[in-house]
Amino acid sequence: MTYQVEPLANSYAELGEGPHWDAETQNLYYVDITAGKLLRYSYKDDKVYEAKIEGEDLASFIIPVAGSSDTFAVGAGRRVIIVKWDGISTTAQVEKTLFEVQKNDKRFEGNRFNDGKCDPKGRLFAGTMRYVGDEFEHRWGELYKYEEGGNVELVKTDVGISNGLAWNEKTNKFYYIDTTDFEVKEYDYDMETGKPANPKVVFNLRRDSPKNHLLPDGMTIDSDGNIYVATFNGHTIYKVNPVTGKILMEIKLPCKQITSAAFGGPNLDILYVTTSARGNEPKPAGTTYKVTGLKAKGLPMTKIQI
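Residues numbered from 1 in each chain as written. Predicted model: local features only at pLDDT ≥ 70, side-chain atom pairs only at ≥ 80, totals over all residues. Heavy atoms only, no water.

Some points on the overall build of the protein
The cut-off we apply is this: Each helix corresponds to a stretch of at least 4 residues labelled H or I by DSSP, and each strand to a stretch of at least 2 residues labelled E; elements are numbered beginning at the N terminus. Atoms considered for the radius of gyration are the C-alpha atoms alone. The globule rule reads 2.2 Å times the number of residues to the power 0.38. Throughout this description, buried means an accessible area under 20% of the type-specific maximum (1.4 Å probe, protein chains only), exposed means over 50%, and partly exposed covers the range between. Contacts are assigned to residue pairs with any non-hydrogen atoms lying within 4.5 Å of each other. Here the Shrake-Rupley method, with its probe set to 1.4 Å, supplies the accessible areas, and only the displayed protein chains count as covering residues.
Within the protein, the secondary structure is distributed over zero helices and 24 strands. For the protein, the C-alpha radius of gyration of 17 Å lies close to 19 Å, the compact-globule estimate for 306 residues. In terms of its C-alpha atoms, the protein occupies a principal-axis envelope of roughly 45 × 45 × 40 Å. Per-residue burial for the protein yields a buried fraction of 57% across its 306 residues. Sequence-distant contacts, at least 24 apart, represent 48% of the contacts inside the protein between residues at least 6 apart. A total accessible area of about 12,600 Å² is found for the protein, and carbon and sulfur atoms account for 47% of it.

Right, dumping it as structure tokens:
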């Protein structure tokens, strides 16, 4: 199968992450984590806009708030904040803190939120990781769930780097990546209560020795239930059938640190891919790409209900 990989112009982010396709406005939102920046790729304009969040050093994910065109939930340190941005201005303003986790414990002071995404009902799932020190040694991250009205629940402890999230509403499954486990886990998922249970490994990225293990990062899912797993050290997104564990396709990118992916475009058949240039990775690292010709369609992403 042939597919095409093209860069989006002026789409650079040193640590690009958290792509969210807003089908309503035909915009791809994503972040540059360590710059505290929000980015918007307009499909209509074929142009990227970016804004620095005033007073914030970190921005780990961006999710539009349901019922609003200029309000977003953003991961910032161990807080999730509500940010106002018109999508054009070069600055964005913090309206309020929605919630904060891992407070009043010195152990967690070096932690920050990493990936976050909403389930099909608009509940936010977001997890933390060690930002200072060794995430593989200190598994002090946790996965949290926020529900409309303000209820925050701890979903999982003993997390190294909380990362990719995806749901299949047809099969009532939830997929989750902790990068430091080198695998993707599938959970039975109760759509009514938002509770995952019975984890099992559906894709293993370990290799013959620890130094060769692939690092799974962000993830998305298509309408056939196949998952797309970005690898932070592998130049590749793996399309995987989670029922069989079989790799159906390897999507190769021109840089090493592939952070995440999201389907978008008018027909949800363009795969947008974020990358990273951490550790002085050479160009074109940090570029955001579009992949076409995959003959697959994504599922609509959900906005947060606050």
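Here we look at the sheet that holds strand 12 (residues 141-147)
Under the convention used in this document: The pairing criterion is simple: DSSP has to find at least two bridges between the two strands. Fitted lines through C-alpha atoms serve as axes, helices being fitted only where they are in contact, and the angles separating the N-to-C directions of these axes extend from 0 to 180 degrees.
Taken in spatial order, the four strands of this open sheet run 10-11-12-13, and their pairing is antiparallel. Bordering the open sheet on either side are strand 10 (111-118) and strand 13 (151-159), each of which pairs with just one other strand. If you compare each strand with its neighbour and ignore which way they point, the axes differ by 20° on average. In terms of strand pairing, strand 10 meets strand 11 (residues 124-130) through six bridges, oriented antiparallel. Residue pairing across strands places C118 opposite L124, the latter belonging to strand 11.

Description of the environment of L299
Positionally, L299 belongs in the segment after strand 24 (289-292). Here the alpha-carbon distance between L299 and S68, two residues 231 residues apart in the chain, equals 21 Å. Setting aside its immediate chain neighbours within four residues, L299 contacts W167, I221, D222, S223 and L268.

Things to note about the UniProt feature "active site" (unreviewed entry) in the protein
Our working rule: UniProt positions are given in the numbering used here, feature names are shortened, and annotations may be inferred rather than shown by experiment.
In the numbering used here, UniProt assigns the feature "active site" (unreviewed entry) to D217. Its location among the elements puts D217 in strand 18 (residues 216-221). When its relative accessible area of 5% is taken as the criterion, D217 is described as buried. Apart from residues lying up to four places away in sequence, D217 is in contact with E17, N163, G164, I177, T179, A230, F232, I258 and T259.

Topic: the sheet that holds strand 20 (residues 236-241)
Spatially, 18-19-20-21 is the arrangement adopted by the four strands of the open sheet, whose pairing is antiparallel. Bordering the open sheet on either side are strand 18 and strand 21 (246-252), each of which pairs with just one other strand. Going from strand to strand, the sheet's axes swing by 25° on average, the running direction of each strand aside.

What about the packing of aromatic side chains?
Keep this limit in mind: For Phe, Tyr and Trp, where Trp contributes only its six-membered ring, two rings pair if their centres lie within 6.5 Å, and the inter-plane angle classes them as stacked under 30 degrees, edge-to-face over 60, or tilted in between.
One pass over the full model with this rule turns up 18 aromatic pairs. When the ring of W21 is compared with that of Y43, the centres are 6.5 Å apart and the planes differ by 90°; the resulting orientation is edge-to-face. One end of the pair, W21, is in strand 2 (residues 16-22); the other, Y43, is in the loop between strand 4 (37-42) and strand 5 (47-53), with 22 residues separating them in the sequence. Looking at W21, the relative accessible area reads 1%, which means it is buried. When the ring of W167 is compared with that of Y189, the centres are 6.2 Å apart and the planes differ by 70°; the resulting orientation is edge-to-face.

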